[in-house]
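# Residue-level structural notes
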Amino acid sequence: MNVKEKQLDSILKSGKLLEIKLFQVNDNFFEFSGGSQWIIDGGIELTFPVGKITVGWSTKEEMFCFELKAFSDLYNSFDYLELHNESINNLKNILIGNKLIETSYKWITYEYVIDYLMNTKKETSIAELSIVFNSGDRLQIAAINYDIESAEKSKNYRYDVSRELFVSLNTYEEISDVT
């Protein structure tokens, strides 16, 4: 376990989940699998006794980041909204009040352009956090790209810190390393 994972785990395993919020920046988001999977473009904020963990879009980094701060501190604009609907309320009802018993992380290496000469730099980042709660419920959070199969289903999930955020309750989706 590296330093970043230890920092995240120190908050994630500090006690019961107190609050969970999903955020959207653009007008539309996707909800699949009977309201247990979401593809959003803002982020997810988890609150525990000793702090917050946000997996969200960083306006500074221009990518999805896993940070020890509130979403409003990561996304430096007021152009977002907190998502509310029946299935998100159900997500909250299922998870809030439970303790984490297991976390696992998936890391990826990606390349990005650093200047106008098209020079690139390689970075490594967390692309997925999978959480198991003492209730037996599981939450998968991953930065992805994907294909839409229909209005009810997406497919071909690939890790990508520059596209969308996938949140899944109690269904684990295999995600490819190929971007």
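Look up a bit, the structure's there.
Our focus in this paragraph is the pattern of salt bridges. Taken as a whole, this structure holds 9 salt bridges when the rule is applied. Where K52 meets E45, a salt bridge forms, and the shortest distance between an N and an O atom there is 3.5 Å. The exposure class of K52 is partly exposed, given its relative accessible area of 30%. Here the salt bridges do not stand alone but share partners, grouping E19, E82 and K92 into one network.

Before going further, it helps to examine helix α1 (residues 3-12). Turn by turn, an α-helix covers 3.6 residues, leaving residues three or four places apart pointing in a common direction. Of the positions making up α1, those classed as buried are E5, L8, D9, I11 and L12. One face of α1 carries all of its buried residues, which in axial projection span an arc of 160 degrees. Opposite the buried face of α1, at more than 90 degrees from it, the exposed residues are V3 and K6. Taking the backbone nitrogen of K4 as reference, a side-chain oxygen 3.0 Å away marks N2 as the first, capping residue of α1.

This part takes up the side chain of T47. One can find T47 in strand β4 (residues 43-48). The exposure class assigned to T47 is buried, which follows from its relative accessible area of 14%. Within the structure, T47 has its side chain in polar contact with the side chain of K52 (distance 3.1 Å). Ignoring anything within four residues of it in the chain, the contact list for T47 reads K16, L17, L18, E19 and K52.

Turning our eyes to something else, we now look at unusual backbone geometry. In this model, E62 sits at a positive phi of 55 degrees, which is unusual for a non-glycine residue. Among the structural elements, E62 can be located in the loop between β5 (51-58) and β6 (63-67). Judged by relative accessible area, E62 falls into the exposed class, the value being 58%. Positive phi, normally seen in glycine, also occurs at M118, with a value near 70 degrees. One can find M118 in the loop between β8 (100-113) and β9 (120-133).

The next point concerns the environment of Y159. Following the sequence through the fold, Y159 ends up in strand β11 (residues 153-159). When the C-alpha atoms of Y159 and K122 are compared, they prove to be 15 Å apart, with 37 residues separating the residues in sequence. In terms of polar contacts, Y159 uses its side chain to reach the side chain of E128, at 2.5 Å.

All right, on to helix α3 (residues 86-95) then. Among the residues of α3, S87, I88, L91, K92 and L95 are the ones counted as buried. Viewed along the axis of α3, the buried residues span an arc of 150 degrees, placing them on a single side of the element. Along α3, the residues that are exposed and aim more than 90 degrees away from the buried face are E86 and N93. Positioned one or two residues after α3, G97 has a phi angle of 95 degrees, which is positive.

The rules behind the values
Residues numbered from 1 in each chain as written. Predicted model: local features only at pLDDT ≥ 70, side-chain atom pairs only at ≥ 80, totals over all residues. Heavy atoms only, no water. Salt bridge = Lys/Arg side-chain N within 4 Å of Asp/Glu carboxyl O. Buried < 20%, exposed > 50% of the residue type's maximum accessible area, 1.4 Å probe, protein only. Helix = DSSP H or I, 4+ residues; strand = E, 2+ residues; numbered from the N terminus. Arc of directions from axis to C-beta. Polar contact = N/O pair within 3.5 Å; in protein donor to acceptor, adjacent residues only side chain to side chain. Contact = heavy atoms within 4.5 Å.

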